[in-house]
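Analysis of the macromolecular model
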Amino acid sequence: MDEKELRVVYRKVDELVTPDYNPRKITPKERRDIQKSIENFGFVEPLVVNTFKGRENIVVSGNQRLAIAKSLGMTTAPCVEVCLDEVKEKELNLRMNKNQAQFDFDALVKFFDRDMMLDVGFSEKEVGKQISEFDQKFNAINNDNCEMPIVKKFNESYHSVVIFVDNELDLNWIKNVLMLDRSVSYKNKTIGDTYVMHIKKFQEIWERITEKE
């Protein structure tokens, strides 16, 4: 297969044609979600338009976005042009509509805010169901099956001392002095690093340091 440079051109939306065979249908809610995305971010994914003789200006992929662009009063849209006969055109249309990725809901719950997911278009049922499944998996984590040892759930029988570190120099110093092993939050990896140490280990280190002084 010959490699060709991908080139985006801007075409007038009134010149573009939606094929009568287009199999992709969307619900009113899905249409609103796409419209909101275009309103907030513009066209971040070009339309695919055919230039083959007799098939000129037919939109192979992006017909729903084209319709929304017209309704919003947009006059041009970014396009990637292909040159395909009708058979290949239909095949590409079908493939691009069929090859839709499935979501990894575990990753969605870990890295995306719930309100954002709802705003993007996920339903309460989808978000609630997947969060519930994620919680089940999270609650099943223990010191025997996790990647790194974790502290047992805090309750009234545990006490903690927290030392805040706001610069890399101090962080490296305390890590070296206390020989801290890195831990992570299994619920949110976007926060700062967390280091956990039992009091007995701290006492051993402290006694060893003070003996040298």
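Quick summary incoming for the structure in this document. (Residues numbered from 1 in each chain as written. Predicted model: local features only at pLDDT ≥ 70, side-chain atom pairs only at ≥ 80, totals over all residues. Heavy atoms only, no water.)

1. Overview of the overall build of the protein chain
A tally of regular secondary structure across the protein chain gives eight helices and six strands. Ordered by position in the sequence, the α and β elements of the protein chain form the string β-α-β-β-α-β-α-α-α-α-α-β-β-α. In the protein chain, the proportion of contacts linking residues at least 24 apart, taken out of those at least 6 apart, comes to 72%. (Helix = DSSP H or I, 4+ residues; strand = E, 2+ residues; numbered from the N terminus. Contact = heavy atoms within 4.5 Å.)

2. Looking at the environment of Asp33
Note on placement: Asp33 falls in helix α1 (residues 28–41). Asp33 sits in the partly exposed class, given a relative accessible area of 24%. Along the primary structure Asp33 and Gly121 are separated by 88 residues, whereas in three dimensions their C-alpha atoms are 5.9 Å apart. (Buried < 20%, exposed > 50% of the residue type's maximum accessible area, 1.4 Å probe, protein only.)

3. Some details on unusual backbone geometry
Phi is mostly negative for residues that are not glycine, and the peptide bonds are mostly trans. Here the phi dihedral of Asn57 falls at roughly 75 degrees; this positive angle occurs in a residue that is not glycine. If you trace the backbone, Asn57 turns up in the loop between β2 (47–50) and β3 (59–61).

4. Details of the pairing of β2
Residues in a regular strand project their side chains so that they alternate between the two faces of the sheet. Judged by which residues are buried, β2 turns out to be covered on both faces: Leu47 and Val49 on one side and Val48 and Asn50 on the other are all buried. One ladder, built from two bridges, connects β2 with β3; its direction is antiparallel. In the strand pairing of β3, Val48 is matched with Ser61. (Pairing = 2+ DSSP bridges.)

5. Some thoughts on the nonpolar core
Within the largest apolar cluster, 13 residues are counted, with the highest numbers of intra-cluster contacts made by Leu16, Phe43, Leu47, Val49, Leu66 and Cys79. Those elements that place two or more of their residues in this core are β2, α2 (63–71) and β4 (76–82). It is α2 that provides the largest number of residues to this core, a total of three residues. Residue contacts for Leu16: discarding those within four places in its chain leaves Arg11, Leu47, Val49, Asn57, Val59, Leu66, Lys70 and Cys79. (Core = buried A, V, L, I, M, F, W, Y, C linked by side-chain atoms within 4.5 Å.)

Everything listed here is a matter of geometry and, on its own, says nothing about what the molecule does.
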